[in-house]
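Observations on the three-dimensional arrangement
For reference, the chains in residue letters:
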Amino acid sequence: MNDVDRIEAAITQAAQGRASGVKIAGGVVTAMIDMSGLDASARTKLASGVEAAAAGLPGVDTIRLMQTAERVQRRLIAVASGKGGVGKSTLSTNLTIALRRSGRQAGLIDADIYGPSQPRLLGAEGIQPEAREKTLMPVTGAGDVPFLSMGQLVKPGQAVAWRGPMAGNALSQLVDGDWGATRDLIVDLPPGTGDIQLSMIQKHKPAGAVIVSTPQDLALMDAARAISFFETAKVPIIGVVENMSGYICPNCGDVSHPFGAGGAEAAARELGLPFLGRIPLDIAIREASDAGTPPALGDGPIADAFADIARQVAEWIDGGHAAE
Ligand code: ADP
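Residues numbered from 1 in each chain as written. Predicted model: local features only at pLDDT ≥ 70, side-chain atom pairs only at ≥ 80, totals over all residues.

**Quick look at the sheet that holds strand E2 (residues 28-34)**
The mixed open sheet is built from three strands, whose spatial order is E1-E2-E3. If you trace the sheet from one side to the other, it starts and ends with strand E1 (19-25) and strand E3 (62-68), each paired once. Strand-to-strand twist across the sheet, computed as the mean angle between neighbouring axes with direction ignored, equals 15 degrees. Bridge analysis of E2 against E3 gives seven bridges, and the strand direction is parallel. From the neighbouring strand, threonine 30 faces E3, where its bridge partner is arginine 64. Contacts from helix H1 (residues 3-14) reach E1 and E2 within the one sheet, and its direction differs from that of E1 by about 150 degrees. (Pairing = 2+ DSSP bridges. Helix = DSSP H or I, 4+ residues; strand = E, 2+ residues; numbered from the N terminus. Axes fitted to C-alpha atoms, helices over the stretch in contact; angles between N-to-C directions. Contact = placed C-beta atoms within 7 Å.)

This is the structure:
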């Protein structure tokens, strides 16, 4: 083997099949490395591995690597509700986890300026994302979910005062994070139709929206407003989820309907929208959520209910609705 062959072999091996176009001229080695699907830390590791493998070999003075990557086809899926407290954040967390359990590369953006709860729901409170060249690196939460939250940008309660451009800039920081291989990016929106929603539609148009409502009439009227907001903005509604539908008594297992039953399903039908399923009002959901162990990570009927909703969202995405 001559020097050139030796250098080429060292680079090819260290780049794990990702190197091409290796050239050596006057002590300068250049090579292209395909970094598709790798996150920032894996890219750094691979590049320094290649450099280390070539450095010191006879005939090598300088190494120049060109990093290329196929653009990941990423799409945003908004989770929205007409008002707060209906379980929008709970659904966002568990939908993301259920998507990941089905083998998808799903991540989560917590854009709820009024009450960013994802750090708690994902058991990663107090962990700050690193920034590399002003790009935020998502934090890893329960179920290996990569996520970024408004709660990581400011002190609790501070973001509520954000208006217009400030809210929009904060959202952009989260959306433009280093999402690596993440393809399905779930966005937990604030309730209602405020500045974050406007900015979302103008700058980071979601592929589709999932609407969460409880079964009672008032929540449904609010949900209808959210639906019409997205429809006006030409964001397709993937479907409606009914949360807190039927209360399972922790003592006797009986099901009662404190907020009525089937309201969201009937409303979805009336509006000609798909109904994605219902999640019961179950104290175990609140307890698991508060403990940072999302119920979709477990087994049983609750995890199955989230998995079923995730399956329909995945089918919607793969059905070509979410083409970029
Ligand atoms: P939102 O994001 O719409 O404001 P959250 O997801 O934060 O609503 O839910 C509000 C509260 O209700 C939380 O304490 C949450 O744990 C609880 N919760 C949500 N869905 C359920 C459910 N299906 N059963 C029991 N508690 C729930």
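Continuing now.
**Focus on the environment of threonine 68**
Note on placement: threonine 68 falls in strand E3. Taking the C-alpha atoms as reference points, threonine 68 and arginine 18, separated by 50 residues in sequence, lie 9.8 Å from one another. Discounting residues that sit within four places of it in the chain, threonine 68 has contacts with Met32, Asp34 and Met35.

**Examining the domain arrangement of the chain**
Domain annotation of the chain identifies domain 1 (3-68) and domain 2 (75-321). Distance from the C-alpha centre of domain 1 to the C-alpha centre of domain 2: 42 Å. Opposite the four residues of domain 1 that make contact, domain 2 presents five residues. The class makeup of the residues in the side of domain 1 that touches domain 2 is two nonpolar, one polar and one charged. (Domains from an automatic or database assignment. Nonpolar A, V, L, I, M, F, W, Y, C, P; charged D, E, K, R; others polar.)

**Some details on the pairing of strand E5 (residues 106-110)**
For E5, the tally of buried residues reaches five of five residues, placing the bulk of the element in the interior. With burial as the criterion, each face of E5 is covered, one bearing Ala106, Leu108 and Asp110 and the other bearing Gly107 and Ile109. Relative to strand E10 (residues 184-188), E5 runs parallel, the two being bridged by five bridges. Its bridge partner being in E10, alanine 106 is matched across the sheet by aspartate 184. (Buried ≥ 20, exposed ≤ 12 C-beta atoms within 10 Å, placed from the backbone.)

**Looking at helix H6 (residues 195-203)**
Within the sequence span of H6, burial applies to Ile196, Gln197, Ser199 and Met200. For H6, the buried positions fall inside an angular range of 165 degrees around the axis, keeping them on one side. (Arc of directions from axis to C-beta.)

**Brief notes about the site of the ligand**
Neighbouring the ligand are 17 residues, the closest being Gly87, Lys88, Ser89, Thr90 and Arg286. For the shell around the ligand, the elements supplying multiple residues, two or more each, are helix H3 (88-101), strand E12 (237-248), strand E14 (275-281) and helix H9 (283-290). Residue composition of the shell around the ligand, by class: five nonpolar, nine polar and three charged. (Near = placed C-beta within 6 Å.)

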